[in-house]
Amino acid sequence: MFMRIDHVGIACHDLEERIAFFQRTFDLTVVAREINEEQGVKEAMLRISDGQGGGSYIQLLEPLGPDTPVGKFLAKRGEGVHHVAFGVPDVARALEEVGSRGVRLLDETPRHGSMGSSIGFLHPKDVGGMLTELVQAAEGQPETTQEARNADT
Ligand code: MC0
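Overview of the structure. Note that residues are indexed from 1 along each chain, following the sequence as it is written. Only residues with pLDDT of at least 70 get local features here, since the model is predicted, and only at 80 or more are side-chain atom pairs given and counted; chain-wide, interface and lining totals rely on the full set of residues. Heavy atoms from the whole structure form the basis of all side-chain values; hydrogens and water molecules are not counted.

A few points about the overall build of the chain
We count it as follows: Note on conventions: DSSP H or I runs of at least 4 residues are helices, E runs of at least 2 residues are strands, and numbering of each starts at the N terminus. Using C-alpha atoms as the atom set, the radius of gyration is obtained and then compared with a globule rule of 2.2 Å times the number of residues to the power 0.38. Partly exposed describes any residue whose relative accessible area lies between the buried limit of under 20% and the exposed limit of over 50%, with all areas from a 1.4 Å probe on protein chains only and scaled to the type maximum. Note on areas: Shrake-Rupley with a 1.4 Å probe; residue coverage comes only from the protein chains shown. Only four residue types enter the tally: Lys and Arg on the positive side, Asp and Glu on the negative side; His and the chain ends are excluded. Lysine's charge is taken at NZ, arginine's at CZ, aspartate's at CG and glutamate's at CD.
Secondary structure assignment for the chain yields four helices and eight strands. Counting from the amino terminus, the chain carries its helices and strands in the arrangement β-α-β-β-β-α-β-α-β-β-β-α. On C-alpha atoms alone, the chain measures out to a radius of gyration of 15 Å, which is about the 15 Å that the 2.2 N^0.38 rule sets for 153 residues. Per-residue burial for the chain yields a buried fraction of 43% across its 153 residues. Carbon and sulfur atoms form 50% of the exposed surface of the chain, whose accessible area is close to 8300 Å². Separation between the mean location of the 15 positive side-chain charges and that of the 24 negative ones in the chain comes to 5 Å.

This is the structure we're talking about:
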């Protein structure tokens with residue numbers, strides 16, 4: 001079912017500060033930025049590698065407010081790993097399959113994710129305490145936006 005680890009999502013209070021840390025410490029590059037109102041986050045994707053069907057990334061997440069999934073997580077647990085996302089070839093099918101195996105789906109149908117991907121979350125309590133995301137990458141290689149290029153220089 002899983003093709004790769006698509007990304008590790010990391011919750012932080014200050015996105016710009018955390019991006020600067022990952023850039024200077026690990027030589028990573030920001031390849032996309034987005035505000036996702038539906039998910040309540042401002043986020044940045046830092047590419048680790050490219051691969052078949054999509055790349056691998058660190059995803060930095062700053063909440064848009066306290067009453068959002070990441071806002072609540074920060075208040076309860078502080079900064080750190082928020083979720084792990086696995087690349088799948090067909091997210092709707094993977095959700096259906098995992099749901100039929102007894103795992104609660106937080107998304108019955110796919111939602112919009114980073115860089116044009118389609119995503120669905122699984123309940124952390126049913127995955128040994130790990131908030132799990134399934135990701136179907138957008139067709140083709142993700143575009144590096146001009147904003148991201150500028151932000152990275
Ligand atoms: C909560 N829990 C977690 C957790 N968040 N466990 C592991 N990792 C997390 N990130 C645990 C709590 O400690 C609690 O356990 C139980 O789950 C229920 O949590 P709650 O605090 O009572 O409930 P809520 O209201 O905070 O909801 C938690 C839930 C929610 C996971 C259902 O955050 C959710 O639906 N998340 C999916 C969407 C999301 O996270 N979006 C932001 C990233 P105890 O033992 O205390 O009962 S968006 C994103 O990443 C997109 C842009 C993308 O990748 O493209």
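Here the narrative resumes.
A short note on the packing of aromatic side chains
For any pair of aromatic rings, the description rests on two quantities: the centre-to-centre distance and the angle between the ring planes. Defined as follows: Any pair of Phe, Tyr and Trp rings, taking the six-membered ring for Trp, is counted once the centres come within 6.5 Å. Such a pair is stacked with planes under 30 degrees apart, edge-to-face with planes over 60 apart, and tilted for the rest. Counted as over-ring charges are cases with an Arg CZ or a Lys NZ within 6 Å of the ring centre that also lie within 35 degrees of the ring normal.
Under the defined criterion, the tally for this structure stands at four aromatic pairs. Ring geometry for F2 versus F86: centroids 4.1 Å apart, planes at 5 degrees, classification stacked. Here the residue F2 occupies a position in the segment before β1 (4-11), and F86 occupies one in strand β5 (residues 80-87), the gap between them amounting to 84 residues. With a relative accessible area of 44%, F2 lands in the partly exposed category. For the ring pair F21 and F22, a centre distance of 5.5 Å and an interplane angle of 85 degrees mean the geometry is edge-to-face. Taking relative accessible area as the criterion, F21 reaches 28% and is therefore assigned partly exposed. Residue class for F22 comes out buried when judged on its relative accessible area of 9%. Among the aromatic residues, those joined into a ring-pair cluster are F21, F22 and F26. Over the aromatic face of F21 sits the side chain of R18, whose NZ or CZ is 5.6 Å from the ring centroid.

Let's talk about the side chain of S56
So the rule is basically this: What qualifies as a polar contact is a pair of N or O atoms within 3.5 Å, subject to a donor-acceptor requirement within protein and to the restriction that residues adjacent in sequence count only when both atoms come from side chains. We call two residues in contact when some of their heavy atoms are within 4.5 Å.
Along the polypeptide, S56 turns up in strand β4 (residues 56-63). What makes S56 buried here is its relative accessible area of 18%. Among the polar contacts made by the side chain of S56, one reaches the main-chain carbonyl oxygen of I5 at a distance of 2.7 Å. Residues within four places of S56 in sequence aside, it is in contact with I5, D6, L46, R47, I48 and S49.

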